[in-house]
Amino acid sequence: MLSYRHSFHAGNHADVLKHATQALILEKLKAKDKPFVYVDSHSGAGLYRLDSEEARKTAEYETGIGRLFSQLGDYPELASYDAVIRQLNPKGALQYYPGSPAIAGTMLREQDQLVLMELHNREIDVLRKNMGRDQRVILHHRDGFEGLSAILPLPVRRGLVLIDPSYEIRDDYQNTLDAVVSAWKKWPVGIFAIWYPILSRQRDRSRWLLEQLARIPFANLLVAELAVTEQAEDYGMHGSGMAIINAPWQLDEQLTALLPRLQRSLAPEGQGQCRLEWLIEPK
């Protein structure tokens, strides 16, 4: 959806779950010396100012990274995520928040590669400014759903594909499913992490997406969800989830320990819930 700008939502509770999970997976890939590739289907701008007009208009970061920022030192498993944010905010005040491309760009090594896709005309220009000088980065001004199938398979066998559209149009759910299945068939060895929102009862389609994904013969499918308020009847995103195909070893154990603590940090009033479930058990 070309009207969508993530700058209005950067650093919210959904970003925290998405980027914490992303960082954990990247650390798993870095455990081996062999190079790997990071692919981002909906890259956005890559980096966001939390004092921008857009961010201040919604102030969603205040109940996301704003609540967690001072506590990140208590999360040793998120040391890499914390380090990226601290590097962007060396004076200590929270002014910048990294999108998934910036997190990957900071965490990846010299031998690794980033493939970033973005369709929005304005966002791709900002993404080029933020990430285009990195020699490891390949930028594509294209639809990420179409782009995934077009660029895969990759010559590097190891890697992570992050898929996180806005879901502001209904077709995004079907498009996500189609893109994942097509990309996985071409690159079955890759790790695929699909972010999705959990919306109000009348609008939520996350259950449908998970049911469809669970019908595909993946090697495994792990789901991590975090909600920070109670579900509304007609409007709002109270939580989000990550569906991870080819989840790396012991990621489930890390998330089992992490999710309840994140819930307590992001929902100090005790609202919401979290869950971790294998929809397809590892073989």
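Described below are features of the structure shown in this document. Because the structure is a prediction, the values reported are computed rather than measured.

Here's the deal with helix H8 (residues 171-186)
Working step 1: Taking 1.5 Å of rise per residue, the 16 residues of H8 would be expected to cover 22 Å, and the 23 Å separating its terminal C-alpha atoms lies within 8% of that figure.
Working step 2: Burial in H8 covers these residues: Asp 172, Tyr 173, Thr 176, Leu 177, Ala 179, Val 180, Val 181, Ala 183 and Trp 184.
Working step 3: Looking at the packing, one finds that the buried side of H8 touches helix H7 (144-151), strand E6 (159-163), strand E7 (191-199), helix H9 (206-213) and strand E9 (237-245).

A few points about the pairing of E9
Working step 1: For E9, the buried fraction is high: 8 of the 9 residues fall into the buried class.
Working step 2: Pairing between E7 and E9: 8 bridges, direction antiparallel. Residue Trp 195 lies in a different strand from E9, and its bridge partner there is Met 242.
Working step 3: In the sheet, strand E8 (residues 221-227) pairs with E9 via 7 bridges, with the strands oriented antiparallel. By the bridge assignment, Ala 224 is partnered in E9 with Met 242.

Examining the sheet that holds E9
Working step 1: With mixed pairing, the 8 strands of this open sheet are ordered in space as E5-E4-E1-E6-E7-E9-E8-E10. Looking at which strands have only one partner, the edges of the open sheet turn out to be strand E5 (137-140) and strand E10 (273-280). Between one strand and the next, the sheet's axes are offset by a mean angle of 15°, whatever the strand orientation.
Working step 2: Sheet topology note: the strand E1 (residues 37-40)/E6 ladder contains 4 bridges and is parallel. From the neighbouring strand, Asp 40 faces E6, where its bridge partner is Leu 162.
Working step 3: The strands touched by H7 are E1, strand E4 (113-117), E5 and E6; relative to E4, the strand with the most contacts, the crossing angle is about 140°.

Cut-offs and rules
Residues numbered from 1 in each chain as written. Predicted model: local features only at pLDDT ≥ 70, side-chain atom pairs only at ≥ 80, totals over all residues. Heavy atoms only, no water. Helix = DSSP H or I, 4+ residues; strand = E, 2+ residues; numbered from the N terminus. Expected span 1.5 Å × (residues − 1). Buried < 20%, exposed > 50% of the residue type's maximum accessible area, 1.4 Å probe, protein only. Contact = heavy atoms within 4.5 Å. Pairing = 2+ DSSP bridges. Axes fitted to C-alpha atoms, helices over the stretch in contact; angles between N-to-C directions.

Read these as layout, nothing more, since geometry by itself doesn't imply function.
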